[in-house]
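One-letter residues, chain by chain:
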Amino acid sequence: PIFWDVFNEMRKRKTGGHWGFKCARMCGMPATCTTSDNDTIDYCALSPFTHATGWEYPEKYVDSLATYHANYASNNAKIEKLKKVNMWGLWDAKSGQCVQGTFGGSR
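Residues numbered from 1 in each chain as written. Predicted model: local features only at pLDDT ≥ 70, side-chain atom pairs only at ≥ 80, totals over all residues. Heavy atoms only, no water.

1. So, the state of the cysteines
To be explicit about the condition: In what follows, a disulfide is any cysteine sulfur pair within 2.5 Å. Here a helix means four or more residues in a row that DSSP labels H or I, a strand means two or more in a row labelled E, and each is numbered from the N terminus. Note on classification: 1.4 Å probe, protein chains only; a residue is buried when its accessible area is under 20% of the maximum for its type, exposed when over 50%, partly exposed between these limits.
The final tally for this structure, using the stated rule, is one disulfide. Note on cysteine connectivity: C23 is disulfide-linked to C33, with sulfurs 1.6 Å apart. Taking the sign of the S-S torsion, about -95° here, the bridge from C23 to C33 comes out left-handed. One end of the pair, C23, is in strand β1 (residues 23–26); the other, C33, is in the loop between β1 and β2 (40–43), with ten residues separating them in the sequence. On the basis of relative accessibility, which here comes to 3%, the residue C23 falls in the buried class.

Right under this line is the structure:
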């Protein structure tokens, strides 16, 4: 199942208990209702502008990216997506380490 489908289903239950929560508090925002901390899920996702996932034109945001998940692609198409944001070739197989100082707007 898709994470957000499951998450939103839990939020909708509002019954508390093992698989549901009465309230949700997202990224420091006020809770959606008043109840105990045990019945409130406190969740903060990663910023989609800093940790992008499979965007069509990610190269426009390369200077603000910390990570990039090249989803909606497979095999060599993933490599091409990673190249667009300068994240392909960051691993040096010989040294077994990441290449330093290579991520950003240009390499």
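Now that the structure is up, let's keep going.
2. Some points on the pattern of salt bridges
Going by this rule: Between Lys or Arg on one side and Asp or Glu on the other, a salt bridge is scored when a side-chain nitrogen of the former is within 4 Å of a carboxyl oxygen of the latter.
According to the stated counting rule, one finds three salt bridges in the structure shown. Across the salt bridge formed by R25 and D37, the nearest N and O atoms sit 3.7 Å from each other. In this pair, R25 is assigned in strand β1 and D37 in the loop between β1 and β2, connecting sequence segments twelve residues apart. Residue D37 is classed as exposed on the basis of its relative accessible area, which comes to 61%. Here E80 makes a salt bridge to K83, at a shortest N to O gap of 3.8 Å. Of this pair, E80 and K83 both sit in helix α2 (residues 76–84), three residues apart, which is roughly one turn of that helix. For E80, a relative accessible area of 45% translates into the label partly exposed.

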